Amino acid sequence: MNFRVVDFYSFLLFTYSGEIKLLVRASSAMVIFKRAKRFLMIRRRRNFRPSRGIYDLQIKNTSYNRDNGRFECRIKAKGTGADVHQEFYNLTVLTPPHPPIISPGNIAIATEDKPLEMTCSSIGGSPDPIITWYREGSTVPLQSYILKGGSKNHYTNATLQILPRRIDDGAKYKCVVWNRAMTEGQNLETMVALNVNCKYKTKLIAILL
């Protein structure tokens, strides 16, 4: 028995209006396509000619809810139905992320020498967006803790922790968001400004009160 996957990639990237093709050639066999534990309907197949060993899968007008995820191509022996070969493919339907938002807002109130956390979040992107923090005037990315959303319906977060100093009062930090649904050089960004309270001034005010 001969079979071969003619054209497919382990990781595929397509937009909503995209099209994917899986070309399979097999002789004396039965080919089954599955998507997330569901057998695919014949309407998703193109050039389906078992008598010639041709089992080609084509999906047009891809949509995230229907097509994003894992696909399986399984080849079974005729008669016995025994599995002869199977391969899995991950399809990522590209969607751009939404503009980022920052918590606690676009002005962060901080106290000198007291750790401050700022979280930049974005939803709607597939794959999960890359979120990067910068200090204004610098092109060096700042280290942050990333929590991936796992789907376009959940937020991806990047939390930056800083230790503000007196000279940081008025400093600005930029959050930049990008994923592969966007072109190179295109990104979404937002800014946050620090308002740093001097700890000694705070103590003095407390004593006077």
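In what follows, the accompanying structure is described. Because the structure is predicted, anything quoted here is derived from the model rather than measured.

Bringing the sheet that holds strand β13 (residues 130-135) into the picture now. Reading across the sheet, the four strands line up as β11-β17-β16-β13 and stay open at both edges, with mixed pairing between neighbours. The two strands at the open ends of the sheet, each matched to only one other strand, are β11 (107-111) and β13. The sheet shows a mean angle of 25° between the axes of neighbouring strands, direction not considered. The pairing of β11 with strand β17 (residues 188-197) spans five bridges and is parallel. Each bridged residue has a counterpart across the sheet, and for Ala-110 the counterpart in β17 is Val-196.

A word on the pattern of salt bridges. Applying the stated criterion to the full structure yields three salt bridges. The shortest N-O distance in the salt bridge between Arg-165 and Asp-168 comes to 3.5 Å. Assessed through its relative accessible area of 4%, Asp-168 is described here as buried. One network of salt bridges, with partners in common, ties together Arg-135, Arg-165 and Asp-168.

About the thresholds
Residues numbered from 1 in each chain as written. Predicted model: local features only at pLDDT ≥ 70, side-chain atom pairs only at ≥ 80, totals over all residues. Heavy atoms only, no water. Pairing = 2+ DSSP bridges. Helix = DSSP H or I, 4+ residues; strand = E, 2+ residues; numbered from the N terminus. Axes fitted to C-alpha atoms, helices over the stretch in contact; angles between N-to-C directions. Salt bridge = Lys/Arg side-chain N within 4 Å of Asp/Glu carboxyl O. Buried < 20%, exposed > 50% of the residue type's maximum accessible area, 1.4 Å probe, protein only.

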